[in-house]
Amino acid sequence: FLNTERSLFVPDEFKELSYQDHPVSIGCGQTISQPYIVALMTEMLKLDGYEKVLEIGTGSGYQTAILSRLARAVYTIERIDHLADTARKLLKSLGYKNIYFKTGDGFEGWPEEAPFDGIIVTAAPEEVPETLLYQLAPGGRMVIPVGKQFHTQTLYRITKTETGFKSENFGWVAFVPMVKG
């Protein structure tokens, strides 16, 4: 976190809000999560530096940048072309080399690159997408907010075990909805 300047990932008109602990608009009806949530979700992945991580919702690229410093490789998907292009250009200009980009539907994941040791979802689907669960490697962890927009959403860590999936509840959160397409 100390080596990743959040102000680089927010629009100029919101730079003064960069280091306050709340979400900030990044345009296109999307937000950059508050620093506490970025830190919590990153910690929940339990990364040790050797993992292949899938991120659903590149947004401005801030969470992507954090993950790339803690994982072997980050595969990130954004459905909004403008956000995907802006994040890709920014992260490449900052010298990040272990990030792979895709514009598309996060509900589908990235099956041709699976399995993943970690999956982090930065928007809330109403239910956990099964397609993502099955892209987890054995022992892999998915961090995901689940619930309807403007209703109670819950942050979960789901671990793929030998016999199925183990789900842990990390409390209430508020995220933009995960949208197909």
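Residues numbered from 1 in each chain as written. Predicted model: local features only at pLDDT ≥ 70, side-chain atom pairs only at ≥ 80, totals over all residues. Heavy atoms only, no water.

Caption draft 1: How the structure looks around the packing of aromatic side chains. Within this structure, the stated rule accounts for five aromatic pairs. With centroids separated by 5.8 Å and ring planes inclined at 65°, the aromatic side chains of Tyr-75 and Phe-116 adopt a geometry described as edge-to-face. Residue Tyr-75 is found in strand S4 (residues 73-78), and its partner Phe-116 is found in strand S6 (residues 116-121); the two are separated by 41 residues along the sequence. Summarising the aromatic geometry, the rings of Tyr-134 and Phe-165 are spaced 5.6 Å apart at their centres and angled 85° between planes, so their arrangement reads as edge-to-face. Separated by 31 residues along the polypeptide, Tyr-134 in the loop between helix H4 (130-133) and strand S7 (136-146) and Phe-165 in strand S9 (residues 165-173) bring together distant segments of the chain. Owing to a relative accessible area of 55%, Tyr-134 belongs among the exposed residues under this scheme. Grouping aromatic residues by their ring pairs yields a cluster made of Tyr-75, Tyr-100, Trp-110 and Phe-116. A cation sits over an aromatic face here: Arg-6 above Tyr-62, 6.0 Å from the ring centre. (Phe/Tyr/Trp six-rings, centres within 6.5 Å; stacked < 30°, edge-to-face > 60°. Helix = DSSP H or I, 4+ residues; strand = E, 2+ residues; numbered from the N terminus. Buried < 20%, exposed > 50% of the residue type's maximum accessible area, 1.4 Å probe, protein only. Lys NZ or Arg CZ within 6 Å of the ring centre and 35° of its normal.)

Caption draft 2: Molecular detail of the pattern of salt bridges. Under the definition given, this model contains five salt bridges. As a salt-bridge pair, Asp-12 and Lys-15 come within 3.8 Å of each other at their nearest N and O atoms. (Salt bridge = Lys/Arg side-chain N within 4 Å of Asp/Glu carboxyl O.)

Caption draft 3: Geometry of empty space enclosed by the protein. The tally for this structure, following the rule as stated, stands at one cavity of 30 Å³ or more. By volume, the largest cavity is sized at about 330 Å³. Put simply, the parts of the chain that give the lining of the largest cavity at least two residues each are strand S2 (30-32), strand S3 (52-56), helix H2 (62-70) and S4. If you tally residues by element for the lining of the largest cavity, the top one is S2, at three residues. Considered class by class, the residues forming the lining of the largest cavity number 13 nonpolar, twelve polar and three charged. (1 Å grid on protein atoms, 1.4 Å probe; cavity = no way out; pocket = protein on both sides within 12 Å on 5 of 7 lines; lining within 4 Å. Points joined across faces, edges and corners; volume = space filled by probe spheres on them. Nonpolar A, V, L, I, M, F, W, Y, C, P; charged D, E, K, R; others polar.)

Caption draft 4: Spotlight on the side chain of Thr-159. Along the chain, Thr-159 turns up in strand S8 (residues 153-160). Here Thr-159 falls in the buried class, since its relative accessible area comes to 17%. Not counting the four nearest positions on each side in its chain, Thr-159 is found in contact with Gly-139, Gly-140, Arg-141, Gly-164, Phe-165, Lys-166 and Glu-168. (Contact = heavy atoms within 4.5 Å.)

Caption draft 5: Seen up close, the nonpolar core. Membership of the largest hydrophobic core comes to 31 residues, with the highest contact counts inside it found for Phe-9, Ile-32, Met-41, Leu-91, Val-143 and Leu-155. Listing elements by their share of this core, those giving two or more residues are strand S1 (24-27), helix H1 (35-44), H2, helix H3 (81-93) and strand S5 (99-103). Sorting elements by how many residues they give to this core places H1 first, with five residues. Not counting residues within four places of it along the chain, the set of residues in contact with Val-143 comprises Met-41, Met-44, Leu-45, Ile-119, Ile-120, Val-121, Leu-155 and Tyr-156. In this structure, Leu-54, Ile-56, Tyr-75 and Leu-132 belong to the second largest nonpolar core, which totals 20 residues. (Core = buried A, V, L, I, M, F, W, Y, C linked by side-chain atoms within 4.5 Å.)

Caption draft 6: Inspection of the sheet that holds S5 at higher detail. Read across the sheet, seven strands follow the order S5-S4-S3-S6-S7-S8-S9 without closing on themselves; strand pairing throughout is mixed. The open sheet has two edge strands with one neighbour each: S5 and S9. Here the average twist between neighbouring strands, direction ignored, is 15°. Pairing of S4 with S5, which is carried by five bridges, proceeds in the parallel orientation. Paired with Val-74 across the strands is Ile-99, a residue of S5. Along the sheet face, H1 touches S6, S7, S8 and S9 and points at about 20° away from the line of S8. (Pairing = 2+ DSSP bridges. Axes fitted to C-alpha atoms, helices over the stretch in contact; angles between N-to-C directions.)

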